[in-house]
Amino acid sequence: MATEAAIEAAATEAATGTDKEKQPHKLERKWAFWFDNQSKPKQGAAWGTSLRQIYTFDTVEDFWCLYDQIFKPSKLPGNGDFHLFKTGIEPKWEDPECANGGKWTVTSNRKANLDTMWLETLMALIGEQFNEADDICGVVASVRQRGDKLALWTKTATNEALQMSIGRKWKEIIDVTDKMTYNFHDDSRRERNVKSRYTV
Ligand code: MGP
(Lines give C-alpha, C1' and ligand atoms only; values in the text may rest on other atoms or scores of the structure.)
Protein backbone atom coordinates (compact mmCIF):
# COMPACT_ATOMS: atom_id res chain seq x y z
CA MET A 1 0.00 0.00 0.00
CA ALA A 2 3.00 2.27 0.53
CA THR A 3 3.54 2.20 -3.22
CA GLU A 4 -0.03 3.25 -3.94
CA ALA A 5 0.51 6.29 -1.76
CA ALA A 6 3.75 7.01 -3.61
CA ILE A 7 1.97 6.90 -6.98
CA GLU A 8 -0.70 9.29 -5.72
CA ALA A 9 1.90 11.63 -4.26
CA ALA A 10 3.85 11.69 -7.54
CA ALA A 11 0.67 12.34 -9.53
CA THR A 12 -0.33 15.22 -7.22
CA GLU A 13 3.12 16.74 -7.40
CA ALA A 14 3.13 16.46 -11.19
CA ALA A 15 -0.30 18.10 -11.40
CA THR A 16 0.36 20.91 -8.93
CA GLY A 17 4.05 21.46 -9.56
CA THR A 18 4.80 21.05 -5.86
CA ASP A 19 7.65 18.60 -6.26
CA LYS A 20 9.90 20.47 -3.83
CA GLU A 21 11.82 17.40 -2.76
CA LYS A 22 13.07 15.92 -6.01
CA GLN A 23 13.40 12.38 -4.62
CA PRO A 24 12.00 9.78 -7.02
CA HIS A 25 9.22 7.61 -5.57
CA LYS A 26 10.48 4.05 -5.15
CA LEU A 27 8.28 1.11 -6.08
CA GLU A 28 7.99 -2.03 -3.96
CA ARG A 29 9.96 -3.98 -6.56
CA LYS A 30 11.72 -3.69 -9.91
CA TRP A 31 9.82 -4.28 -13.17
CA ALA A 32 10.79 -4.78 -16.83
CA PHE A 33 9.08 -3.79 -20.07
CA TRP A 34 9.50 -6.20 -22.98
CA PHE A 35 8.59 -5.99 -26.67
CA ASP A 36 8.01 -8.74 -29.21
CA ASN A 37 7.67 -7.68 -32.81
CA GLN A 38 6.17 -10.63 -34.64
CA SER A 39 4.96 -8.44 -37.50
CA LYS A 40 7.81 -9.55 -39.75
CA PRO A 41 8.76 -13.02 -38.54
CA LYS A 42 11.91 -14.44 -40.10
CA GLN A 43 11.12 -17.61 -41.98
CA GLY A 44 11.77 -20.66 -39.83
CA ALA A 45 12.73 -18.59 -36.77
CA ALA A 46 11.81 -20.20 -33.46
CA TRP A 47 9.22 -18.50 -31.24
CA GLY A 48 10.87 -15.93 -28.99
CA THR A 49 13.68 -14.85 -31.31
CA SER A 50 12.15 -11.36 -31.62
CA LEU A 51 11.35 -11.06 -27.89
CA ARG A 52 13.44 -8.38 -26.14
CA GLN A 53 13.64 -6.87 -22.67
CA ILE A 54 13.68 -3.11 -23.33
CA TYR A 55 13.74 -1.24 -19.98
CA THR A 56 13.75 -1.95 -16.28
CA PHE A 57 12.53 0.57 -13.70
CA ASP A 58 11.77 0.87 -10.00
CA THR A 59 10.38 4.38 -9.59
CA VAL A 60 6.97 5.91 -10.28
CA GLU A 61 8.56 8.66 -12.37
CA ASP A 62 10.39 6.23 -14.70
CA PHE A 63 7.21 4.21 -15.08
CA TRP A 64 5.18 7.23 -16.25
CA CYS A 65 7.92 8.33 -18.61
CA LEU A 66 8.23 4.88 -20.22
CA TYR A 67 4.48 4.35 -20.38
CA ASP A 68 3.85 7.74 -21.92
CA GLN A 69 6.66 7.65 -24.46
CA ILE A 70 6.55 4.03 -25.56
CA PHE A 71 4.49 1.36 -23.91
CA LYS A 72 0.93 2.03 -25.06
CA PRO A 73 -0.64 -0.90 -26.92
CA SER A 74 -2.21 1.51 -29.45
CA LYS A 75 1.37 2.18 -30.63
CA LEU A 76 2.01 -1.52 -31.31
CA PRO A 77 2.34 -2.86 -34.86
CA GLY A 78 0.06 -5.75 -35.89
CA ASN A 79 1.11 -9.02 -34.18
CA GLY A 80 3.19 -7.06 -31.68
CA ASP A 81 3.29 -7.62 -27.92
CA PHE A 82 4.23 -5.48 -24.92
CA HIS A 83 4.99 -7.16 -21.60
CA LEU A 84 5.42 -5.87 -18.08
CA PHE A 85 7.05 -8.57 -15.96
CA LYS A 86 8.81 -8.69 -12.61
CA THR A 87 12.55 -8.42 -13.27
CA GLY A 88 14.19 -11.84 -13.30
CA ILE A 89 11.17 -13.52 -14.92
CA GLU A 90 11.16 -13.95 -18.71
CA PRO A 91 7.73 -13.88 -20.40
CA LYS A 92 8.13 -17.46 -21.65
CA TRP A 93 6.60 -20.80 -20.64
CA GLU A 94 10.20 -22.01 -20.29
CA ASP A 95 11.06 -19.61 -17.47
CA PRO A 96 11.17 -21.59 -14.19
CA GLU A 97 8.75 -19.13 -12.53
CA CYS A 98 6.25 -19.51 -15.39
CA ALA A 99 6.72 -23.23 -16.16
CA ASN A 100 3.93 -24.42 -13.82
CA GLY A 101 1.81 -21.37 -14.43
CA GLY A 102 -0.92 -20.15 -16.70
CA LYS A 103 -2.73 -17.02 -17.76
CA TRP A 104 -6.04 -15.19 -17.48
CA THR A 105 -7.00 -13.72 -20.86
CA VAL A 106 -9.34 -10.88 -21.74
CA THR A 107 -10.08 -9.76 -25.29
CA SER A 108 -10.76 -6.23 -26.48
CA ASN A 109 -12.16 -5.01 -29.75
CA ARG A 110 -11.36 -1.35 -29.35
CA LYS A 111 -7.86 0.13 -29.23
CA ALA A 112 -8.79 2.79 -26.66
CA ASN A 113 -10.22 0.11 -24.43
CA LEU A 114 -7.05 -1.98 -24.65
CA ASP A 115 -4.92 1.03 -23.64
CA THR A 116 -7.19 1.73 -20.65
CA MET A 117 -7.26 -1.88 -19.43
CA TRP A 118 -3.48 -2.13 -19.89
CA LEU A 119 -2.83 1.04 -17.88
CA GLU A 120 -5.22 -0.02 -15.08
CA THR A 121 -3.42 -3.37 -14.91
CA LEU A 122 0.06 -1.81 -14.89
CA MET A 123 -0.90 0.53 -12.06
CA ALA A 124 -2.42 -2.32 -10.06
CA LEU A 125 0.76 -4.38 -10.49
CA ILE A 126 3.33 -1.71 -9.67
CA GLY A 127 1.02 -0.40 -6.92
CA GLU A 128 0.88 -3.93 -5.41
CA GLN A 129 -2.92 -3.97 -5.38
CA PHE A 130 -3.22 -7.76 -5.66
CA ASN A 131 -3.21 -9.65 -2.35
CA GLU A 132 -1.74 -12.55 -4.32
CA ALA A 133 1.05 -10.39 -5.86
CA ASP A 134 3.66 -13.10 -5.17
CA ASP A 135 1.94 -15.45 -7.62
CA ILE A 136 1.85 -12.93 -10.46
CA CYS A 137 4.60 -12.95 -13.13
CA GLY A 138 3.38 -10.10 -15.32
CA VAL A 139 1.00 -9.00 -18.05
CA VAL A 140 1.09 -9.14 -21.87
CA ALA A 141 -0.76 -6.89 -24.35
CA SER A 142 -1.14 -8.42 -27.83
CA VAL A 143 -2.40 -6.83 -31.03
CA ARG A 144 -3.95 -9.52 -33.23
CA GLN A 145 -6.18 -9.51 -36.29
CA ARG A 146 -8.63 -11.81 -34.49
CA GLY A 147 -8.91 -9.35 -31.62
CA ASP A 148 -6.50 -7.61 -29.27
CA LYS A 149 -5.99 -9.15 -25.85
CA LEU A 150 -4.40 -8.87 -22.45
CA ALA A 151 -3.08 -11.84 -20.53
CA LEU A 152 -2.13 -11.90 -16.86
CA TRP A 153 0.50 -14.59 -16.23
CA THR A 154 0.59 -16.35 -12.87
CA LYS A 155 2.83 -19.01 -11.32
CA THR A 156 0.78 -21.76 -9.69
CA ALA A 157 -1.79 -22.89 -12.24
CA THR A 158 -3.09 -25.85 -10.20
CA ASN A 159 -4.05 -23.67 -7.22
CA GLU A 160 -7.62 -23.03 -8.33
CA ALA A 161 -8.67 -20.94 -5.32
CA LEU A 162 -5.67 -18.66 -5.74
CA GLN A 163 -6.20 -18.23 -9.49
CA MET A 164 -9.92 -17.57 -9.05
CA SER A 165 -9.12 -14.89 -6.51
CA ILE A 166 -6.60 -13.24 -8.87
CA GLY A 167 -9.06 -13.49 -11.79
CA ARG A 168 -11.90 -11.87 -9.83
CA LYS A 169 -9.66 -9.05 -8.63
CA TRP A 170 -8.30 -8.41 -12.13
CA LYS A 171 -11.84 -8.30 -13.59
CA GLU A 172 -12.75 -5.69 -11.00
CA ILE A 173 -9.60 -3.64 -11.75
CA ILE A 174 -10.16 -3.52 -15.51
CA ASP A 175 -13.94 -3.22 -15.13
CA VAL A 176 -14.81 -6.18 -17.36
CA THR A 177 -18.17 -7.94 -17.20
CA ASP A 178 -17.60 -10.52 -19.97
CA LYS A 179 -16.40 -14.01 -19.17
CA MET A 180 -12.65 -14.37 -18.62
CA THR A 181 -10.80 -17.68 -18.95
CA TYR A 182 -7.65 -19.24 -17.49
CA ASN A 183 -5.35 -21.56 -19.44
CA PHE A 184 -2.45 -23.67 -18.19
CA HIS A 185 0.84 -23.05 -20.06
CA ASP A 186 1.41 -26.79 -19.84
CA ASP A 187 -1.72 -27.40 -21.96
CA SER A 188 -0.67 -24.71 -24.49
CA ARG A 189 2.74 -26.36 -24.80
CA ARG A 190 1.10 -29.63 -25.83
CA GLU A 191 -1.66 -28.45 -28.16
CA ARG A 192 -2.73 -25.26 -29.89
CA ASN A 193 -6.47 -25.04 -29.17
CA VAL A 194 -6.51 -25.68 -25.45
CA LYS A 195 -9.58 -25.93 -23.26
CA SER A 196 -9.65 -23.32 -20.54
CA ARG A 197 -9.44 -24.61 -16.96
CA TYR A 198 -11.11 -21.83 -14.96
CA THR A 199 -13.64 -19.10 -15.71
CA VAL A 200 -14.67 -15.92 -13.88
P1 MGP B 1 0.00 -17.62 -27.96
O2 MGP B 1 0.65 -16.77 -26.98
O3 MGP B 1 -0.74 -18.79 -27.45
O4 MGP B 1 -1.05 -16.79 -28.83
O5 MGP B 1 1.13 -18.13 -28.93
P6 MGP B 1 -0.86 -15.73 -30.00
O7 MGP B 1 0.55 -15.26 -30.08
O8 MGP B 1 -1.90 -14.69 -29.86
O9 MGP B 1 -1.18 -16.58 -31.28
P10 MGP B 1 -2.54 -17.23 -31.70
O11 MGP B 1 -2.47 -17.19 -33.17
O12 MGP B 1 -2.55 -18.63 -31.16
O13 MGP B 1 -3.65 -16.40 -31.15
C14 MGP B 1 0.92 -18.83 -30.12
C15 MGP B 1 2.08 -19.75 -30.38
O16 MGP B 1 3.33 -19.12 -30.13
C17 MGP B 1 2.07 -20.99 -29.50
O18 MGP B 1 1.27 -22.02 -30.00
C19 MGP B 1 3.53 -21.36 -29.50
O20 MGP B 1 3.86 -22.05 -30.69
C21 MGP B 1 4.24 -20.03 -29.49
N22 MGP B 1 4.50 -19.57 -28.11
C23 MGP B 1 3.82 -18.64 -27.41
N24 MGP B 1 4.35 -18.49 -26.19
C25 MGP B 1 3.88 -17.57 -25.17
C26 MGP B 1 5.42 -19.32 -26.11
C27 MGP B 1 6.39 -19.58 -25.07
O28 MGP B 1 6.39 -19.00 -23.99
N29 MGP B 1 7.33 -20.48 -25.38
C30 MGP B 1 7.37 -21.16 -26.58
N31 MGP B 1 8.31 -22.05 -26.80
N32 MGP B 1 6.47 -20.91 -27.56
C33 MGP B 1 5.51 -20.01 -27.33
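Below, the structure is looked at part by part. (Residues numbered from 1 in each chain as written. Predicted model: local features only at pLDDT ≥ 70, side-chain atom pairs only at ≥ 80, totals over all residues. Heavy atoms only, no water.)

Turning next to the site of the ligand. Around the ligand, the neighbouring residues are Trp47, Lys92, Trp93, Glu94, Lys103, Arg144, Arg146, Lys149, Trp153 and Arg192. Taking Arg146, its side chain carries an N or O atom lying 2.6 Å from an oxygen atom of the ligand. Residue Arg192 places a side-chain N or O atom 2.9 Å away from an oxygen atom belonging to the ligand. Surface burial for the ligand is 71%, taken as the share of its 630 Å² of free accessible area covered by protein chains. The pocket occupied by the ligand, as judged from atoms lying within 2 Å of grid points, is the largest pocket. Residues belonging to the shell around the ligand are distributed by class as follows: three nonpolar, no polar and seven charged. (Near = heavy atom within 4 Å. Polar contact = N/O pair within 3.5 Å; in protein donor to acceptor, adjacent residues only side chain to side chain. Areas by Shrake-Rupley, 256 points an atom, 1.4 Å probe, with all protein chains shown as cover. 1 Å grid on protein atoms, 1.4 Å probe; cavity = no way out; pocket = protein on both sides within 12 Å on 5 of 7 lines; lining within 4 Å. Sits in = over half its atoms within 2 Å of the grid points. Nonpolar A, V, L, I, M, F, W, Y, C, P; charged D, E, K, R; others polar.)

Moving on, we get to the nonpolar core. Core analysis: the largest hydrophobic core is formed by 41 residues, its most contacted members being Leu84, Trp104, Trp118 and Trp170. By size, the runner-up hydrophobic cluster in this structure holds ten residues, among which are Phe85, Cys137, Val140 and Ala151. (Core = buried A, V, L, I, M, F, W, Y, C linked by side-chain atoms within 4.5 Å. Buried < 20%, exposed > 50% of the residue type's maximum accessible area, 1.4 Å probe, protein only.)

Time to look at helix α2 (residues 60-69). Those residues of α2 that fall on the buried side of the exposure criterion are Val60, Phe63, Leu66 and Tyr67. Projected down its long axis, α2 carries its buried residues within an arc of 130°, all on one side. (Helix = DSSP H or I, 4+ residues; strand = E, 2+ residues; numbered from the N terminus. Arc of directions from axis to C-beta.)

Right, let's talk about the state of the cysteines for a bit. Per the counting criterion, the structure on display carries zero disulfides. A disulfide-free cysteine, Cys137 has its sulfur positioned 3.9 Å from the sulfur of Cys98, the nearest such atom. (Disulfide = S-S within 2.5 Å.)

Next up on the list: helix α4 (residues 160-174). For α4, spanning 15 residues, the distance from its first C-alpha to its last is 21 Å, which sits close to the expected 21 Å at 1.5 Å a residue. Taken residue by residue, α4 has Gln163, Met164, Ile166, Gly167, Trp170, Lys171, Ile173 and Ile174 as its buried positions. (Expected span 1.5 Å × (residues − 1).)

As a further point, take the packing of aromatic side chains. Each aromatic ring pair is summarised here by two numbers: the centre-to-centre distance and the angle between the ring planes. A complete count under the given rule lists 14 aromatic pairs for this structure. Centre to centre, the rings of Trp104 and Tyr182 are 5.2 Å apart; their planes meet at 65°, and the pair counts as edge-to-face. One end of the pair, Trp104, is in strand β4 (residues 102-108); the other, Tyr182, is in strand β7 (residues 181-184), and 78 residues separate them in sequence. One exposure class covers both Trp104 and Tyr182, and it is buried. Arranged with centres 6.1 Å apart and planes meeting at 85°, the rings of Tyr182 and Phe184 form a pair that is edge-to-face. (Phe/Tyr/Trp six-rings, centres within 6.5 Å; stacked < 30°, edge-to-face > 60°.)

Looking now at the side chain of His83. Along the chain, His83 falls in strand β3 (residues 80-86). Excluding residues within four positions of it along the chain, His83 makes contact with Ala32, Phe33, Trp34, Phe35, Asp36, Leu51, Pro91, Trp118, Val139 and Val140. (Contact = heavy atoms within 4.5 Å.)

Let's shift gears to the layout of surface pockets. Looking at the largest pocket, its volume works out to about 1400 Å³. Every residue lining the largest pocket is counted, 40 residues in all, and those nearest its centre are Lys103, Arg144, Arg146, Lys149 and Arg192. At the level of secondary structure, the elements contributing two or more residues to the lining of the largest pocket comprise β3, β4, α3 (111-126), β5 (136-142), β6 (148-154), β7 and α5 (185-190). Sort the elements by how many residues they give to the lining of the largest pocket and β4 lands first, with four residues. A class-by-class count of the residues in the lining of the largest pocket yields twelve nonpolar, 15 polar and 13 charged. Computed from the structure, the second largest pocket encloses a volume of approximately 310 Å³. (Points joined across faces, edges and corners; volume = space filled by probe spheres on them.)

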